[in-house]
Amino acid sequence: DHLHSLGIDNLRIQVGSEGPDTEPWRIVPSMQPSPGRYNDEILDGLDYLLYEMKKRQMYAVMCLNNFWHWSGGFAQYVIWAHRANEIPYPGDYHVFELFAAQFYKLPRATELFDNHIRFIVSRKNRYSNLSYTQDPTIVSSEGYVREGPTVN
């Protein structure tokens, strides 16, 4: 209500956070603690947010992933694809970016992310009873937020 009263009617919302929830530097609980497994409470919150935004004639740009460590992001997909042990953070951010940028070269990482996109896009809001593809509140979705640094 406060945002709407200020004339803010378009929100960029994070619609992807990857676990596991035991990792440091993360938003917890995550939406997707492991590949293809989703936290129903987080999904319920997303449905409710979109439902309430619709009532206020607000619009959502849904960010499905990002390059930041706090959400899991591309780096977590690299871990899931490689079955590696750890993401290099905190520390040198350039090292982290190079690690996360491997996402673009790993077919398994992009496949897991594509599965996430399909899961979200095919979702039906339990409050409005609208599929996400038919909900006028959702004006767009972003997946690949930016190109990563070159990985040699």
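Going by the structure above, here's the rest.
Residues numbered from 1 in each chain as written. Predicted model: local features only at pLDDT ≥ 70, side-chain atom pairs only at ≥ 80, totals over all residues. Heavy atoms only, no water.

### Some details on helix α5 (residues 107-121)
Right, on to step 1. Here α5 spans 21 Å end to end across 15 residues, near enough to the 21 Å set by a 1.5 Å rise per residue.
Right, on to step 2. Turning to α5, its buried residues are Ala109, Thr110, Leu112, Phe113, His116 and Ile120. Down the axis of α5, the smallest arc covering the buried residues is 160°, so these residues share one side. Away from its buried face by more than 90 degrees, α5 exposes Pro107 and Arg118.
Right, on to step 3. The inward-facing, buried residues of α5 abut α2 (40-55), β2 (59-63) and α3 (73-82). (Helix = DSSP H or I, 4+ residues; strand = E, 2+ residues; numbered from the N terminus. Expected span 1.5 Å × (residues − 1). Buried < 20%, exposed > 50% of the residue type's maximum accessible area, 1.4 Å probe, protein only. Arc of directions from axis to C-beta. Contact = heavy atoms within 4.5 Å.)

### Focus: the environment of Arg56
Right, on to step 1. Residue position: Arg56 is located in the loop between α2 and β2.
Right, on to step 2. For Arg56, a relative accessible area of 21% puts it in the partly exposed group.
Right, on to step 3. Taking C-alpha positions, Arg56 is 7.7 Å from Asp1, a pair spaced 55 residues apart along the chain.
Right, on to step 4. Among residues more than four places away in sequence, those in contact with Arg56 are Asp1 and His4.
Right, on to step 5. There is a polar contact of 2.4 Å between the side chain of Arg56 and the side chain of Asp1. (Polar contact = N/O pair within 3.5 Å; in protein donor to acceptor, adjacent residues only side chain to side chain.)

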